[in-house]
Amino acid sequence: MQEMDKCDICGCDELLNYSMGKDIIRFEELTSANFKVTDKDYGRCIETVKCRNCGLIQPKYILDSRNLIKLYANVDDESYLATSDIRGRSNYRQVIKLIDKCTKNRGSLLEIGAGSGGLLDILKHQFNHIHGVEPSKKFCQFAKERYGLVLDNIGYEDISENRKYDVILALDVIEHVASVRHFMYKVFQLLTDDGIAIVSTPNKNSLAARLLGKKWWHIRSPHLYYLDKKSFNALMDAAGFKIIRRAFFYWTFPMSYLIDCLQKLLFKKSYISLDKLTFRVKLNTFDSWVYVICKT
Ligand SMILES: [Zn+2]
């Protein structure tokens, strides 16, 4: 594989060897099983390098976007789909509030990486036109069966640019793509001139990330890019956007799910299963940002 010779965001050619994870997995070794939303193999990721200028952590090698999409196409994650409604609800409310605060326009909305379709199912009542794009065949099938939603089963690169959208959502997507700059260029092309986009991603400079080091839960094999405030700002400058609002992105989880995650994080496996603890707890680890952005 060919090495990346400059920073994907700022173009700086001083890339330092910098391993995010405690375990390295080669990109060629990844299978669709590594891309499960609920995969808890924390601390393992592909080889990464750090830009000396903007601090972006990016893949060491140039990744083939088509191969990446093929891996996502075959992702099957029953436990994610089974709990997606519960897990997403607070998160959905947060996104809807941000839309309400930042725009009155209810024309058209695009969600890139629509997952189970739960958020679009709510938003379909609020917008004249909605469009969801999701590379996993199984997730698209679920959205159809559960919500009657027809998601476009493609990667972001194949979204037609004939239509422009007033609101674009890309929640926890940019850390998964082959090129963050290329992804944001595409969002720029698809957004109306007065539209807004909502983008979330983990913050590698957060307290949780610094305390947990190479065991940070966002260090996972599907995460290819790691951004912080500085590199995210540089990405926005490079792609022609400005930030109009920023908030911590939080989730609610069933208590049983949190206990399961905690055990796997600490002991590598789950010793006790507490399925009956279905009450939800709000979890804000202050290590994920959600940004509302618009064109400059
Ligand atoms: Zn850079």
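Preceding block: the structure.
Residues numbered from 1 in each chain as written. Predicted model: local features only at pLDDT ≥ 70, side-chain atom pairs only at ≥ 80, totals over all residues. Heavy atoms only, no water.

So, on to the coordination of the zinc ion. Ideal geometry at a metal gives 109.5 degrees between four tetrahedral donors and either 90 or 180 degrees between six octahedral ones. Coordination of the zinc ion by the protein involves Cys 7 (SG), Cys 10 (SG), Cys 51 (SG) and Cys 54 (SG), with metal-donor separations of 2.3 to 2.4 Å. Between consecutive donors of the zinc ion, the numbers of intervening residues give the motif C-x2-C-x40-C-x2-C. According to the relative accessible area criterion, Cys 54 is buried, its value standing at 3%. (Donors = N, O, S within 2.8 Å, 3.2 Å for Na, K, Ca; no water. Buried < 20%, exposed > 50% of the residue type's maximum accessible area, 1.4 Å probe, protein only.)

Here we come to unusual backbone geometry. One non-glycine residue, Asp 172, lies in the positive phi region at around 55°. In this fold, Asp 172 is placed in the loop between strand S8 (165-171) and helix H5 (180-190). (Helix = DSSP H or I, 4+ residues; strand = E, 2+ residues; numbered from the N terminus.)

This part covers the side chain of Ser 288. For Ser 288, the position within the fold is in strand S13 (residues 288-295). Those residues in contact with Ser 288, other than ones at most four positions away along the chain, are Asp 172, Thr 201, Pro 202, Asn 203, His 218, Ala 247, Phe 248 and Phe 249. (Contact = heavy atoms within 4.5 Å.)

Attention shifts here to the state of the cysteines. On inspection of all chains with the given rule, the structure shows 0 disulfides. Cysteine Cys 12 is unpaired, with the sulfur of Cys 51 as its nearest cysteine sulfur at 4.2 Å. (Disulfide = S-S within 2.5 Å.)

Looking now at the nonpolar core. Counting 76 residues, the largest nonpolar core has Ile 99, Ile 168, Leu 169, Ile 174, Phe 183, Met 184 and Ile 198 as its most contacted members. Residue contacts for Ile 168: discarding those within four places in its chain leaves Leu 110, Ile 112, Val 187, Leu 190, Leu 191, Ile 196, Ala 197 and Ile 198. With 8 residues, the next largest nonpolar core counts Ala 208, Ala 209, Trp 216 and Tyr 226 among its residues. (Core = buried A, V, L, I, M, F, W, Y, C linked by side-chain atoms within 4.5 Å.)

Time to look at the pattern of salt bridges. Scanning all chains against the criterion turns up 13 salt bridges. As a salt-bridge pair, Glu 157 and Arg 66 come within 3.9 Å of each other at their nearest N and O atoms. Separated by 91 residues along the polypeptide, Glu 157 in the loop between helix H4 (137-147) and S8 and Arg 66 in helix H1 (residues 65-73) bring together distant segments of the chain. You can call Glu 157 partly exposed: its relative accessible area is 24%. Here the salt bridges do not stand alone but share partners, grouping Arg 26, Glu 28 and Glu 29 into one network. (Salt bridge = Lys/Arg side-chain N within 4 Å of Asp/Glu carboxyl O.)

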